[in-house]
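Coordinates in review
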Amino acid sequence: MPSGREPEKFIRWRKAMVTDQLQGRGIRDAAVLAAMGAVPRHLFVSEALMDQAYGDYPLPIGYQQTISQPQIVAEMTQALGLLPGDRVLEIGTGSGYQAAVLAEIVFRVYTIERLQPLYMQARKLFDRLKYHNIVTRYSDGSTGWKPESPFDAVLVTAGGPSVPEVLLSQLAVGGRLVMPVGTAQSQDLLRITRTEEGFEQETLCACRFVKLIGEHGWRDE
Ligand code: SAM
């Protein structure tokens, strides 16, 4: 990816995003840098915002949701410590950008979105860009995807009040879950690793995400 020719300016801006925003701020995982250097981020936003797609900020994707800032996408992906054979669950498909980044690195990505128009849009884009290793689902991702578990990694791209136990139960031993946890206004990015003995939790950084809404997240208003 990407297939076919794309305007030279996007290739140039994407390279600058990788060197200035990602390597420049300490992202070292070669697979993450290669993935973000390959995914055409401008195709995951509306046409009116394409020229801003490689900027150092999140962008609106409609329905009061956002595509996250490139740096936080890189931080979260790096924090998952992915291996090529991994199966990863993402909660909060949104634009589909994060799922595409994951799909460049691992064997299979399962991604869940609760808003139907975003789910439909992302599905179409995955087909168009030939991301055949992404499996999509329209539902409340706060309950996970039990029939496809256990996962080597779980990434929640919306902030919740706590880590849903049901998601921890769907991690393989050695598996990592990364999720923003806190209030609706600000969260800490947590990484929880499942060991033979139980779970180990680390706080990675402060962050600000839209709400995880669902049975094990915030209530819909
Ligand atoms: N990963 C996305 C991307 O690359 O564009 C960005 C995600 S956006 C910050 C958060 C997404 O989580 C929104 O699309 C929102 O609708 C979705 N979401 C919130 N609660 C959810 C839930 N319980 N299940 C599935 N998706 C959820």
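As the structure is a computational prediction, the values presented were derived from the model and not from experiment.

This next bit is on the site of the ligand. The ligand sits among 27 residues. The nearest are Ser95, Glu113, Asp140, Gly141 and Ile213. For the ligand, an oxygen atom lies 2.9 Å from a polar atom in the backbone of Gln98. A distance of 2.6 Å separates an oxygen atom of the ligand from a polar side-chain atom of Glu113. For the ligand, the accessible surface in isolation is 600 Å², of which the surrounding protein chains cover 99%. Residue assignment for the shell around the ligand shows that the elements contributing at least two residues are β2 (65-67), β3 (87-91), α4 (97-105) and β4 (108-113). Examining the composition of the shell around the ligand, we find that three residues originate from one element, β2, more than from any other. Residues of the shell around the ligand, tallied by class, amount to 10 nonpolar, 12 polar and five charged.

One broad rule of soluble globular proteins: the nonpolar side chains tend to lie buried together. Counting 50 residues, the largest nonpolar core has Met36, Phe44, Leu82, Tyr97 and Tyr131 as its most contacted members. Tallying contributions element by element places α4 first for this core, with seven residues. Those residues within four positions of Met36 in sequence are excluded, and the remaining contacts are Arg14, Met17, Val18, Leu22, Pro70, Val73, Ala74, Tyr97 and Val101. Val163, Met179, Leu190 and Ile192 belong to the second-largest nonpolar core, a separate cluster that totals 19 residues.

The subject of this paragraph is the pairing of strand β6 (residues 151-156). Counting buried residues in β6 gives five out of six residues, a clear majority hidden from the surface. Inspection of the sheet shows β3 paired to β6 by four bridges, in the parallel sense. Paired with Val88 across the strands is Ala153, a residue of β6. With four bridges joining them, β6 and strand β7 (residues 171-182) adopt parallel strand pairing. Residue pairing for β7: Ala153 is matched across the bridge by Arg176.

What follows deals with the packing of helix α3 (residues 70-79) against α4. With their axes 11 Å apart at the nearest point, α3 and α4 run at an angle of 40° to one another. In this view, α3 runs oblique relative to α4, as classed from their interaxial angle. At the point where α3 passes α4, the crossing takes the right-handed sense. Counting all contacts with α3, which are made through Val73, Met76 and Thr77, the residues of α4 involved are Tyr97, Gln98, Val101, Leu102 and Ile105. Of the residues that constitute the contact of α3 with α4, the class distribution is six nonpolar, two polar and no charged.

What follows is about the sheet that holds strand β5 (residues 134-138). Ordered by their spatial adjacency, seven strands build an open sheet running β5-β4-β3-β6-β7-β8-β9, and the pairing between neighbours is mixed. Each edge of the sheet is formed by a strand with only one pairing partner; in this case those strands are β5 and β9 (199-207). Across the sheet, the axes of successive neighbouring strands diverge by a mean angle of 15°, strand direction being ignored. Seen against the sheet, α3 touches β6, β7, β8 (187-194) and β9 and runs at an angle of roughly 20° to β8.

Pro150 follows Ser149 through a cis peptide bond whose omega is 5°. Relative to the assigned elements, Pro150 resides in the loop between β5 and β6. For Gln64, which is not glycine, the phi dihedral falls at a positive 60°. Inspection of the secondary structure puts Gln64 in the loop between β1 (59-62) and β2. Although it is not a glycine, Lys130 sits at a positive phi angle of roughly 60°. The topology assignment puts Lys130 in the loop between α5 (116-128) and β5.

UniProt records the feature "active site" (unreviewed entry) for Ser68 in the present numbering. In this structure, Ser68 sits in the loop between β2 and α3. Once residues within four sequence positions are removed from consideration, Ser68 is found in contact with Arg41, Pro58, Val73 and Phe209.

Rules of the game
Residues numbered from 1 in each chain as written. Predicted model: local features only at pLDDT ≥ 70, side-chain atom pairs only at ≥ 80, totals over all residues. Heavy atoms only, no water. Near = heavy atom within 4 Å. Polar contact = N/O pair within 3.5 Å; in protein donor to acceptor, adjacent residues only side chain to side chain. Areas by Shrake-Rupley, 256 points an atom, 1.4 Å probe, with all protein chains shown as cover. Helix = DSSP H or I, 4+ residues; strand = E, 2+ residues; numbered from the N terminus. Nonpolar A, V, L, I, M, F, W, Y, C, P; charged D, E, K, R; others polar. Core = buried A, V, L, I, M, F, W, Y, C linked by side-chain atoms within 4.5 Å. Buried < 20%, exposed > 50% of the residue type's maximum accessible area, 1.4 Å probe, protein only. Contact = heavy atoms within 4.5 Å. Pairing = 2+ DSSP bridges. Axes fitted to C-alpha atoms, helices over the stretch in contact; angles between N-to-C directions. Parallel < 35°, antiparallel > 145°, perpendicular 65-115°, else oblique. Left-handed = near helix turned anticlockwise from the far one by under 90°. UniProt positions renumbered as here; feature names shortened; annotations may be inferred.

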